[in-house]
Amino acid sequence: MADRTTSSTTIGAGRAEVMAVIADFPSYPQWAGQVKSAEVLSRDEDGRPSTVRFALDAGPISDSYTLAYAWQGDEGVSWQVAEPGRMVSELKGSYRLAGAGSDTEVTYELTVDLSVPIIGLIKRKAEKVIVDTALKGLKKRVEGR
C-alpha cells in the first residue's frame with residue numbers, strides 16, 4: 001500500500017492567481033525543481049490541461065510518465081497516472097486551495113508507488129522533497145509575479 005505525503009503553505013495571492021500558475025505546466029521546470037519537462041497533451045472543455053507528460057528527476061525517482069487531471073474550478077485539482085513510466089507505477093495527488101481575498105492556503109497531497117523495489121524511507125524522503133519543493137516553488141512563483 002502506498003503512503004501519502006501532505007504539506008501546506010499560505011500564498012499571498014488569490015485562488016485564481018495560484019491556480020493559473022498550477023495550470024501552467026510548461027513553466028514547471030522553472031519553479032518545480034524535480035520536473036525536467038512538462039508537455040500538455042490534451043485540454044478539457046474549459047481549456048485546462050487534462051493530460052500532461054512529465055519527465056521527473058527526484059534523486060532515486062527518475063522517470064517519464066503521463067498524468068490525467070481533474071479540475072475543481074479554483075478550489076483544487078487532482079491527478080493520477082494515465083500512462084505509467086519505468087519506475088512510477090502509481091502517482092496520485094492534489095492541490096487544494098482555501099481562503100478568500102489576498103491569501104490562499106494551499107495543501108499538496110502526494111502518493112507515489114514504484115514498480116521497482118526501493119527502501120520505503122528513501123521513497124518517503126523523495127516524496128517529501130517533491131512536495132516541499134513544489135510548495136516553496138509555487139509560493140515563490142506566484143508571489144513574484
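Just above, that's the structure.
A. Structural view of the overall build of the protein chain. On a plain count of helices and strands, the protein chain comes out with three helices and seven strands. Shown N-terminal to C-terminal, the secondary structure of the protein chain runs as helices and strands in the order β-α-α-β-β-β-β-β-β-α. A globule of 145 residues ought to have a C-alpha radius of gyration of about 15 Å, and the protein chain, at 14 Å, matches this closely. Overall, the protein chain is about 45 × 30 × 25 Å in size when its C-alpha atoms are taken along their principal axes. By residue count, 42% of the 145 residues in the protein chain fall in the buried class. Taking all contacts inside the protein chain whose residues are at least 6 apart in sequence as the whole, residues at least 24 apart take part in 51%.

B. Representation of the sheet that holds strand β2 (residues 35-43) within the structure. As summarised here, the arrangement of the seven strands in space is β1-β7-β6-β5-β4-β3-β2, forming an open sheet in which the pairing is antiparallel. Edge positions in the sheet fall to β1 (4-11) and β2, since each of these pairs with one other strand and no more. On average, adjacent strands in this sheet sit at an angle of 20° to one another, irrespective of strand direction. Strand direction decides the pairing type here: strand β6 (residues 88-98) and strand β7 (residues 104-114), joined by 10 bridges, are antiparallel. Across the sheet, the residue bridging to Glu90 is Asp113, located in β7. Most of the contacts of helix α1 (residues 15-22) go to β6, to which it runs at about 160°, and overall it touches β1, β4 (61-71), β5 (76-83), β6 and β7.

C. Just the pairing of β7, in detail. Where burial is concerned, most of β7 is hidden: eight out of the 11 residues are buried. Between the antiparallel neighbours β6 and β7 lie five residues, among them Gly99 with a positive phi of about 120°.

D. Quick look at the side chain of Thr104. Here Thr104 lies in strand β7. Residue classification places Thr104 among the buried residues on the basis of a relative accessible area of 1%. In terms of polar contacts, Thr104 uses its side chain to reach the backbone carbonyl oxygen of Ala13, at 2.6 Å. For Thr104, the residues in contact, after removing those within four places along its chain, are Thr9, Thr10, Ile11, Ala13, Gly14, Arg15, Val18, Leu97 and Ala98.

E. Highlighting the nonpolar core. Core analysis: the biggest nonpolar cluster contains 41 residues, and Ile22, Phe54, Tyr95 and Leu138 have the highest contact counts within it. The dominant element in this core, judged by the number of residues it contributes, is helix α3 (residues 120-143), at seven residues.

F. Spatial organisation of the environment of Leu91. Along the chain, Leu91 falls in strand β6. Judged by its relative accessible area of 6%, Leu91 falls in the buried class. C-alpha separation for the pair Leu91 and Thr5, spaced 86 residues apart in sequence, amounts to 12 Å. Sequence-distant contacts of Leu91, that is, excluding residues within four places in its chain, are made with Tyr65, Leu67, Trp79, Gln80, Val81, Leu110, Thr111 and Val112.

Reading the values: the criteria
- Residues numbered from 1 in each chain as written.
- Predicted model: local features only at pLDDT ≥ 70, side-chain atom pairs only at ≥ 80, totals over all residues.
- Heavy atoms only, no water.
- Helix = DSSP H or I, 4+ residues; strand = E, 2+ residues; numbered from the N terminus.
- Rg over C-alpha atoms; globule rule 2.2 N^0.38 Å.
- Buried < 20%, exposed > 50% of the residue type's maximum accessible area, 1.4 Å probe, protein only.
- Contact = heavy atoms within 4.5 Å.
- Pairing = 2+ DSSP bridges.
- Axes fitted to C-alpha atoms, helices over the stretch in contact; angles between N-to-C directions.
- Polar contact = N/O pair within 3.5 Å; in protein donor to acceptor, adjacent residues only side chain to side chain.
- Core = buried A, V, L, I, M, F, W, Y, C linked by side-chain atoms within 4.5 Å.

Function cannot be read off these values alone, since they describe shape.
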